[in-house]
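Chain and residue survey
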Amino acid sequence: MRSTRATSAIERLKERTGNRLYTMARTGDELFFLTEGPGLPPLCPPLELDAFVAFVNGLGPQKARRVSKLDVAFEKQLTKKP
């Protein structure tokens, strides 16, 4: 099913924002759009799958990227070299 990536992106958005009313709809042309609840106007124009997932991933608060001590040490080594 092509919409699995889009559905997963919506679920992550709901988890990040705490708003369980976000919904996704798909047009007959295989385009996706996002609404904040049933019957409300769309938050974006109809988009293709990749563009829709990128749009949804950019919404709401973002999770902080986990950085280990090894990552920090590696980045430190990279900046030391001329």
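Everything in this summary refers to the structure shown in the same document. (Residues numbered from 1 in each chain as written. Predicted model: local features only at pLDDT ≥ 70, side-chain atom pairs only at ≥ 80, totals over all residues. Heavy atoms only, no water.)

Buried within helix H2 (residues 49–58) we find Leu-49, Phe-52, Val-53 and Val-56. What you see down the axis of H2 is that its buried residues fit within an arc of 100°, all on one side. Turned more than 90 degrees off the buried face of H2, the exposed positions are Asp-50, Ala-54 and Gly-58. On its buried face, H2 is in contact with helix H1 (4–17), strand E1 (23–26) and strand E2 (32–35). Gly-60, located one to two residues past H2, shows a positive phi value of around 70°. (Buried < 20%, exposed > 50% of the residue type's maximum accessible area, 1.4 Å probe, protein only. Helix = DSSP H or I, 4+ residues; strand = E, 2+ residues; numbered from the N terminus. Arc of directions from axis to C-beta. Contact = heavy atoms within 4.5 Å.)

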